[in-house]
Amino acid sequence: MSYKLNKRRIKKIVNRVKKLPGGFNFFRYTFNKLHGFWLKSVKSTKVPYPSSIMLEVTNHCNLACITCPREYAFGAAMAKGTIDMGKMKKVIDEAGPYIDSIGLTGLGETLLYKKLEETLRYIKSKNKGIQTFISTNAHIPGAESYIERLAGLLDTVQISIDGVGKTYETVRLQSDYDFFADMSKKIVGVCKKNNIAVMFNFVAVKENYTTMKDVVKLAIETGVSYVNITPVNIGSITTSDSSYYDLFYGDNFKNELKQAFDLSKQSGSVELSIWDVKKKNGFKKCHLPWNHFYISWDGYMTPCCAKPFPKELNFGNVFDTSLMQCLNSKEYRAFRKMWYKNETPEFCKKCHVIDLKPVEIDFDISYN
């Protein structure tokens, strides 16, 4: 089995390189990259200014999906709200000279956030090369019109899809598949017209893994260029234990996955990728202590997007202090020290990075 670098990531890198910061910010950007390489080489627990962050603009949602962490005990206890524009701009100002990409997404439905255009415009005012990303469940009436207003400001739209037909509705509760399918086609049309990359994201669970090839087929039919599959992360699913991951070691799952990859290759138009299921599990497999940092709507720096609950663990509030104070806090550095030792924090147990053992696959895949 071999791995292939995801074309979507290559395109994203190329687009960024074409529009690097200019003037003095170019030197700040370059020095920060070199500083990062040096910190890594000496195995420091500090990090440079990040190249990627996620800003949770809202954690309100119009669906209730069985794959979503917000639908279980941690989510029930979390505070709900929408990010403050002024405070978010403070974070963007701090990261702006150094950042490569910003995702405006999290536990909620991004398109419920009414200041998305203002936010994206502010990000691009820092540097047009900053790659911007949103995720949507395609269940907002008029979503295609909203996205069209963002043309020139938005680089990637991810559409969450966890099956087709009735299977989709079984996983994504309170949904309507026919509405979703129609809206997805409209969104894809808008994105293609405005040169916005669009991707289907599929979270594999027991209820839907037999529809992976059907999702690829739908991507072919609707003109979606990229499909990504991620095994469900049960780190936040309090009703399941690690034995759930046995699903992904079985021949049934691997056969379905092979059919999906075969179909994508035959199509010549859809690139299918999957989260790295072959690499040895363990805390050192996780890159999130080092980059792609998650900031909750109320400013808390949480360890990851799979379990972004400040009440469970956070490394400070970027609105109260600063981005870099939180990233290089004593607590976060202690967390990274555990990473170097490959010692699993209590917080991270049950995560698929920790408990999903390598899956033996004898066909070619690409990873996300």
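In case you missed it, the structure is sitting above this.
Below is a summary of the structure that appears in this document. None of the values given here were measured: they were computed from a predicted structure. (Residues numbered from 1 in each chain as written. Predicted model: local features only at pLDDT ≥ 70, side-chain atom pairs only at ≥ 80, totals over all residues. Heavy atoms only, no water.)

1. Topic: the overall build of the protein chain
Under the convention used in this document: Strands here are runs of E lasting at least two residues and helices are runs of H or I lasting at least four, both read from the DSSP assignment and numbered beginning at the N terminus. Radius of gyration: over C-alpha atoms. The globule rule applied is 2.2 Å multiplied by the number of residues raised to the 0.38 power. Here the term buried applies to any residue with accessible area under 20% of the maximum for its type, exposed to any over 50%, and partly exposed to those in between, with areas from a 1.4 Å probe on protein chains only. When checking whether two residues touch, look at their non-hydrogen atoms; a contact exists if any pair is within 4.5 Å. Methods summary: accessible areas were calculated by the Shrake-Rupley approach with a probe of 1.4 Å, and residue burial reflects only the protein chains presented. Under this rule, positive means Lys or Arg and negative means Asp or Glu; His and the chain ends count for nothing. Charge placement uses NZ in Lys and CZ in Arg. For Asp and Glu, CG and CD serve respectively.
Each helix and strand counted, the protein chain has 13 helices and 13 strands in total. Taken over the C-alpha trace, the protein chain has a radius of gyration of 20 Å; the compact-globule value for 368 residues is 21 Å, and the two agree within 12%. With respect to the principal axes defined by its C-alpha atoms, the protein chain has extents near 50 × 45 × 40 Å. The buried share of the protein chain, reckoned over its 368 residues, is 56%. Restricting the contact set of the protein chain to residue pairs at least 6 apart, pairs at least 24 apart contribute 77%. Of the roughly 16100 Å² that the protein chain leaves accessible, carbon and sulfur atoms contribute 53%. Across the protein chain, the mean location of the 53 positive side-chain charges is 8 Å away from that of the 37 negative side-chain charges.

2. Side note on the packing of helix α4 (residues 85-95) against helix α5 (residues 116-126)
For the record, the criterion: Axis definition: a line fitted to C-alpha atoms, limited for helices to the stretch in contact. Angles are taken between N-to-C directions and run from 0 to 180 degrees. Angle categories are assigned with fixed cut-offs, so that under 35 degrees is roughly parallel, over 145 is roughly antiparallel, 65 to 115 is roughly perpendicular, and the rest are oblique. Handedness of a crossing follows from how the near helix is turned relative to the far one, being left-handed for an anticlockwise turn of less than a right angle and right-handed for a clockwise one.
Two elements in contact, α4 and α5, have axes whose closest approach is 11 Å; the angle formed by their N-to-C orientations is 20°. By the angle class used here, α4 and α5 are roughly parallel. α4 and α5 meet at a crossing whose hand is right-handed. Contacts from M85, M88, K89, I92 and D93 of α4 reach α5 at E118, T119, Y122, I123 and K126.

3. A closer look at the pattern of salt bridges
Side chains carrying opposite charge are able to pair once their charged atoms draw close together. Cut-off, in case you're wondering: Note on definitions: salt bridges are taken to be side-chain nitrogens of Lys or Arg within 4 Å of carboxyl oxygens of Asp or Glu.
In total, this model carries 14 salt bridges according to the counting rule given. The shortest N-O distance in the salt bridge between E148 and K193 comes to 2.5 Å. Here E148 is found in helix α6 (residues 143-149), whereas its partner K193 is found in helix α8 (residues 177-193), with 45 residues between them in sequence. When its relative accessible area of 60% is taken as the criterion, K193 is described as exposed. One continuous salt-bridge network, built from bridges that share partners, spans R16, K33 and D100.

4. Focus: unusual backbone geometry
Only a minority of non-glycine residues have a phi that is not negative, and only a minority of peptide bonds are not trans. Residue N342 is not a glycine yet carries a positive backbone phi of 55°. You can see N342 is positioned in the loop between α12 (330-341) and α13 (352-355). Despite not being glycine, K350 shows a phi value in the positive range, around 85°. Tracing the backbone through its elements, the reader meets K350 in the loop between α12 and α13.

5. Comments concerning helix α2 (residues 24-41)
Note the following rule: By this rule, a helix spans an expected 1.5 Å times one less than how many residues it contains.
A rise of 1.5 Å per residue sets the reference length of α2, with its 18 residues, at 26 Å; its end C-alpha atoms lie 26 Å apart and thus fit the reference within 8%. Buried positions along α2 lie against α1 (7-18). Downstream of α2 by one or two residues, K43 has phi in the positive range, about 55°.

6. Regarding the side chain of N201
So the rule is basically this: Residues adjacent in sequence count toward polar contacts only when both atoms are side-chain atoms; beyond that, a polar contact is any pair of N or O atoms within 3.5 Å, and within protein one must be able to donate a hydrogen and the other to accept it.
Tracing the backbone through its elements, the reader meets N201 in strand β8 (residues 197-204). On the basis of relative accessible area, N201 is assigned to the buried category, the value being 12%. Within the structure, the side chain of N201 is placed 2.9 Å from the side chain of N228, a separation counted as a polar contact. The contact partners of N201, leaving out residues within four places of it in the chain, are Q158, I159, S160, I161, D162, N228 and T230.

7. Some thoughts on the state of the cysteines
What counts is decided by this rule: Pairs of cysteine sulfur atoms within 2.5 Å are identified as disulfides in what follows.
If you walk through the whole model with that rule in mind, you get 0 disulfides. Among the cysteines around C351, which has no disulfide bond, C304 carries the closest sulfur, lying 6.3 Å off.

8. Brief notes about the packing of aromatic side chains
Worth spelling out the cut-off: Classification of ring pairs rests on two measures: the distance between centres of Phe, Tyr or Trp rings, Trp counted by its six-membered ring, which must be within 6.5 Å, and the angle between planes, read as stacked under 30 degrees, edge-to-face over 60 and tilted in between. Geometrically, a lysine NZ or arginine CZ counts as sitting over a ring once it is within 6 Å of the ring centre and also within 35 degrees of the ring normal.
This model, assessed by the stated rule, comprises 17 aromatic pairs. Ring geometry for F26 versus F27: centroids 5.8 Å apart, planes at 80°, classification edge-to-face. A relative accessible area of 33% places F26 in the partly exposed class. Classification of F27 by relative accessible area gives exposed; the value is 56%. Centroid distance W290 to Y340: 5.4 Å. Interplanar angle 70°. Geometry classified as edge-to-face. Of this pair, W290 sits in the loop between β10 (271-274) and β11 (293-295) while Y340 sits in helix α12; the two residues are 50 residues apart in sequence, bridging distant segments of the chain. Overall, W290 belongs to the partly exposed group, its relative accessible area being 22%. Note on Y340: relative accessible area 23%, which makes it partly exposed. The rings of F283, F293, F315, Y332 and F335 are connected pair by pair, giving a single aromatic cluster. The positively charged end of K284 is found above the aromatic ring belonging to W339, 5.1 Å away from the centroid. Over the ring of W290 we find R336, and its NZ or CZ is 5.6 Å from the ring centre.

9. With respect to the environment of I140
Mapped onto the elements of the fold, I140 is located in the loop between β5 (131-136) and α6. Considering only alpha carbons, one finds I140 and R336, 196 residues apart in sequence, at a separation of 39 Å. In this structure I140 touches N62, E109, L111, L112, F179 and M183, once residues within four positions along its chain are discounted.

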